[in-house]
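# Structural overview
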Amino acid sequence: MRTYIIRRCLQSFIVFGAILIIVFSMLQITGNPAAVLMPLDSTDEDIQAFSKEMGFDQPIPIQFAKFILGSDLVDNLLGSEREKEKIDELERDPDAPKIVRTKGVIRGDFGFSYRHEIPAMGLVLEHFPNTVLLALVAVLIAVVISIPAGVLSATFRNTWIDYTSSVGAMFGQSMPNFWLGLVLIIVFAVYLGWLPTSGYDAWYYIILPSITAGLYATARITRLVRSQMLDVLGMDYVRTARSKGIVEWLVVVRHALKNASIPVVTLVGFELGILLGGTVVTEAVFAWPGVGFLVVDAINNQDYPIVQAAVALLAFVFVFVNLVVDILYAWLDPRISYS
Amino acid sequence: MVVDDRAATLDIEIDEDMERGPSDFQLAIQELKRRPPAIFGAFFVSLVIIFALVPDLFSPLDPLSQDLGRYLKAPGYVDKAGDVYWLGTDQQGRDILSRIIWGSRISLIVGIAAVIVSGLIGITVGIFAGYFGGWVDTVISRIIDTALAVPFILLAISLVAILGPSLQNIVLVIALRTWLVYARVVRAEVLSIKENEFVTGAKATGCGTIRILFIYLFPNVASTTIVIATLYLGRMIIIESALSFLGLGVPPPTPTWGGMLADGRSFLDTAWWIALFPGLILMLTVLSVNLLGDWLRDVLDPRMKRLAE
């Protein structure tokens, strides 16, 4: 068990390293990052000057080292005179663009947002609680609906309850959630006027976005609960419990549901990870002020430091939640051995 | 993820003396007759494929024809020339029904192309990893595990934005994720299949490695890959629409379902039909593909039940 946890932690560490490489490469894959960042009508000289200022003219490994460790550390290590002079000069000049001086990912610095001229990670962290809130409420709604639906579906197999729930789950898995969001707005905000269309000013603003974000998870968990319950209800110990004369609902809840719950807990955790890693589309539909909304806005403004910071943060959260879920799974179910 | 791993590594018992029963194809048709949802799926998917192949035959009007005189007309609107706009018009006076029919093209092209590209990569990598084992397998499996732990949607959006939204970039970015699924399942299958006597026999008769991989092993994983392809086609179609919805799809004026939904978003209070109908067709298409996928899975590969859940 301990070996398994250490191995899983190490693996997560590598995954996160790989993600940082991807995040760093984002600007490099365009071939000429300076050209992507500059306005469309810039001259070639402008682009070259900017490229030099940003350090895009340096070898890729050095750029990567600076991205991770920070320009000052790397320059000190390499003893590069040119860079030292440049940094001194920038320190003295209050008008110099701040984007050049990055302290590196290890110190939580992803550079400055080009548009807002404040640290990109700070801006992302400011929006992050809204994404967490949306993801948590979405998972809560998913659990509250899907577990009773799945249990009833399995208990009353091949009755109208089962059919309704199964058909609902099938639709839920096939429905693009941004479309559900639009339909909910049409019905509850425009037609009935019960709820607001977008934004976040009071608690009830979260109702429609969280239903939308939780749709897929609800459908998926319902299907898993149903199939797990069907497996367990056929087991000998359930028959024993029944033959002892225990009332049926107690058999279902205490004997069957409890034993069917391990894979379900895993899936719930996994879905939470997915939601934390990206409720982008839902946030876009409802103008929900989370990280996804910020990223879509940043993409439209070519403000890539924000995109990089957001991808790195959400990926970190996603990897971390998965790690916790896997360890939890191993702990809950000791029958599974991990070599 | 955890659930998937275990299901994918289960071993199969192949009964050597099994009599030859009805073929997979015959079984599939027999099963289809007993499943009304799958019949609906097959019917609707065929319909969408026909729309995508010959949209000009079915599209009542020109999907690109703009006229501000027809701005946001409700479904059933008839203009002076007597043309009927069955599902209404959008903010540029274009016919929604015609645009839905033409829009099926992008959805299907992206979905099918992404399935094929990711399938080719994933099957090849999976067969190699499973057959050779050893360090090749270790390296490939680590890469797959790592890549699967990256949250996909946000990364896809960023990559498409940076690479530029074109048909091929969208397909590539979507395929970047899905090949992992094929590779992992095919690897697990090959691990058990290669222990069979027919593989040893092939080696003994002097077959080359490439021949063993693609003539002997591939046919045995083919049905599994068909099931994955169908189960993932729906997801790819949804991802393409999501990208288009965020303005990162195939650029206008080409009609796409996701792009139409994005148009409709600005007019939810005045013209609900713009956002309603394209999404309805999108959902029915994905639903149909999924129903077909469930049916294929049950017929071809009952062991994969867990994988889809």
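Residues numbered from 1 in each chain as written. Chains lettered and ligands numbered in written order. Predicted model: local features only at pLDDT ≥ 70, side-chain atom pairs only at ≥ 80, totals over all residues. Heavy atoms only, no water.

## Points about the overall build of chain B
Regarding its fold elements, chain B presents 12 helices and 2 strands. When the helices and strands of chain B are read in sequence order from the N terminus, they spell out α-α-α-α-β-β-α-α-α-α-α-α-α-α. Here chain B holds 309 residues, and the buried ones make up 54% of them. Pairs at least 24 residues apart make up 74% of the contacts formed inside chain B by residues separated by at least 6 positions. Total accessible area on chain B stands at roughly 14000 Å², and carbon and sulfur atoms take up 64% of it. (Helix = DSSP H or I, 4+ residues; strand = E, 2+ residues; numbered from the N terminus. Buried < 20%, exposed > 50% of the residue type's maximum accessible area, 1.4 Å probe, protein only. Contact = heavy atoms within 4.5 Å. Areas by Shrake-Rupley, 256 points an atom, 1.4 Å probe, with all protein chains shown as cover.)

## Looking at helix α9 (residues 177-191) of chain A
Here α9(A) spans 20 Å end to end across 15 residues, near enough to the 21 Å set by a 1.5 Å rise per residue. Regarding α9(A), the residues found buried are F178(A), W179(A), L180(A), G181(A), L182(A), L184(A), I185(A), I186(A) and A189(A). Each element contacted by the buried residues of α9(A) is listed here: α10 (207-233) and α13 (280-286) of chain A together with α10 (209-245), α11 (257-265) and α12 (272-300) of chain B. At the exit of α9(A) stands G193(A), carrying a positive phi of roughly 70 degrees. (Expected span 1.5 Å × (residues − 1).)

## A closer look at the environment of V252(A)
Residue and element names in this part refer to chain A. Along the chain, the position of V252 falls in helix α12 (residues 248-276). C-alpha separation for the pair V252 and F293, spaced 41 residues apart in sequence, amounts to 43 Å. If we skip the residues at most four places from it in the chain, V252 touches V151, T155, M229 and L257.

## Here's the deal with the interface of chain B and chain A
Each partner contributes to the interface: chain B provides 44 residues, whereas chain A provides 51 residues. The junction of chain B with chain A conceals about 4400 Å² of combined surface from both sides, 76% of it contributed by carbon and sulfur atoms. Put simply, R223(A) and D294(B) hold a salt bridge, and the shortest N to O gap is 3.2 Å. The tally of links from chain B across to chain A stands at 6 residue pairs in polar contact (both at pLDDT 80 or more). Among the secondary structure elements, those contributing two or more residues to the side of chain B that touches chain A are α1 (2-8), α6 (134-148), α7 (152-163), α10, α11 and α12 of chain B. Sorting elements by how many residues they give to the side of chain B that touches chain A places α12(B) first, with 12 residues. Of the residues assigned to the side of chain B that touches chain A, the class counts are 31 nonpolar, 5 polar and 8 charged. (Buried area = accessible area lost by both parts, 1.4 Å probe. Salt bridge = Lys/Arg side-chain N within 4 Å of Asp/Glu carboxyl O. Polar contact = N/O pair within 3.5 Å; in protein donor to acceptor, adjacent residues only side chain to side chain. Nonpolar A, V, L, I, M, F, W, Y, C, P; charged D, E, K, R; others polar.)

## Details of the nonpolar core
Counting residues in each nonpolar core, the largest one holds 169 residues, and the members touching the most others are V124(A) and L217(B). With 17 residues, the top contributor of residues to this core is α10(B). Counting 7 residues, the second-largest nonpolar core is a separate cluster that includes L148(B), W179(B), L180(B) and A183(B). (Core = buried A, V, L, I, M, F, W, Y, C linked by side-chain atoms within 4.5 Å.)

## Here's the deal with the packing of α10(B) against α12(B)
All names here are of chain B. With their axes 9 Å apart at the nearest point, α10 and α12 run at an angle of 165 degrees to one another. By the angle between their directions, the pair α10 and α12 is classed as roughly antiparallel. Relative to α12, the crossing made by α10 is left-handed. The residues of α12 that touch α10, namely those facing S223, I226, V227, T230, L231, L233, G234, I237, I238 and S241, are L282, T285, V286, V289, N290, L292, G293, D294, L296, R297 and L300. Residues of the contact of α10 with α12, tallied by class, amount to 12 nonpolar, 7 polar and 2 charged. (Axes fitted to C-alpha atoms, helices over the stretch in contact; angles between N-to-C directions. Parallel < 35°, antiparallel > 145°, perpendicular 65-115°, else oblique. Left-handed = near helix turned anticlockwise from the far one by under 90°.)

## Remarks on the packing of helix α8 (residues 160-174) of chain A against α12(B)
The angle between the axes and the distance between the axes are what describe a pair of packed helices. It is the contact of α8(A) with α12(B), at a shortest axis distance of 8 Å, that shows an interaxial angle of 115 degrees. The chirality of how α8(A) crosses α12(B) is right-handed. Residues M170(A), F171(A), Q173(A) and S174(A) of α8(A) touch α12(B), and the partners they reach there are M283(B), V286(B), L287(B), N290(B), L291(B) and D294(B).

## Considerations on helix α1 (residues 2-28) of chain A
Residue pairs three or four apart in sequence face the same way in an α-helix, which turns once every 3.6 residues. With 27 residues, α1(A) ought to run about 39 Å at 1.5 Å a step, and its terminal C-alpha atoms sit 40 Å apart, in line with that. Within α1(A) the residues assigned to the buried category are Y4(A), R8(A), S12(A), V15(A), I19(A), L20(A), V23(A), F24(A), M26(A), L27(A) and Q28(A).

## With respect to the confidence of the model for chain A
For chain A, mean pLDDT is 82; residues scoring 70 or higher make up 89% of the total. Looking over chain A, one finds the lowest element-wise mean pLDDT in helix α6 (residues 81-92) of chain A, namely 61, and the highest in helix α7 (residues 120-155) of chain A, namely 92. (pLDDT = per-residue confidence, 0-100.)

## Comments concerning the environment of V74(A)
Residue and element names in this part refer to chain A. Among the secondary structure elements, V74 is positioned in helix α5 (residues 71-78). When its relative accessible area of 5% is taken as the criterion, V74 is described as buried. As for V74 and T164, which are separated by 90 residues in sequence, their C-alpha atoms are 62 Å apart. Apart from residues no more than four positions distant in its own chain, V74 is found in contact with I62, A65, K66 and L69.

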